[in-house]
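What follows is the residue order along each chain.
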Amino acid sequence: MRTYTIRLLLMLCTVFAATAAGAREISVQEAVVQAQREIDGKVLSVQALNVGKRKVYRIKILTRDGQVRIVQVQAEQ
């Protein structure tokens, strides 16, 4: 639960900072690097989604212990 809360706060901070600073859109490769910094493992898939007016990368990662984790990275940063 605590990890989820921290991840949610980081995502919200990213959104607010992007809105305030005239954000740039990151590439798929940059999003994957960010996701792998958060979760160590093998990338299974990447999807670019539109959530409202925002673009989000949804990245599935297979962890070393065999779990599939999903990380969402805001495209605008």
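Our subject is the structure that appears above.
Parameters at a glance
- Residues numbered from 1 in each chain as written.
- Predicted model: local features only at pLDDT ≥ 70, side-chain atom pairs only at ≥ 80, totals over all residues.
- Heavy atoms only, no water.
- Buried < 20%, exposed > 50% of the residue type's maximum accessible area, 1.4 Å probe, protein only.
- Helix = DSSP H or I, 4+ residues; strand = E, 2+ residues; numbered from the N terminus.
- Arc of directions from axis to C-beta.
- Contact = heavy atoms within 4.5 Å.
- Pairing = 2+ DSSP bridges.
- Axes fitted to C-alpha atoms, helices over the stretch in contact; angles between N-to-C directions.

A description of helix H2 (residues 28-38) should follow, citing residues and the corresponding values.
For H2, the complete set of buried residues consists of Ala31, Val32 and Ala35. Seen along its axis, H2 keeps its buried residues to an arc of 100°; they face one direction. Structural note: H2 exposes Gln29 and Arg37 on the side pointing more than 90 degrees away from its buried face. Check the buried side of H2 and you find it contacts strand S1 (41-51), strand S2 (54-63) and strand S3 (68-74).

Describe the sheet that holds S3, and please don't skip the residues or the numbers.
Spatial strand order, S1-S2-S3: 3 strands in an open sheet with antiparallel pairing. Only two strands of the sheet have a single neighbouring strand rather than two, namely S1 and S3. Neighbour-to-neighbour, the strand axes of this sheet turn through a mean angle of 20°, independent of strand direction. In this sheet, S2 lies alongside S1 in antiparallel orientation, the contact comprising 10 bridges. Counterpart to valine 46 in the pairing with S2 is isoleucine 59.

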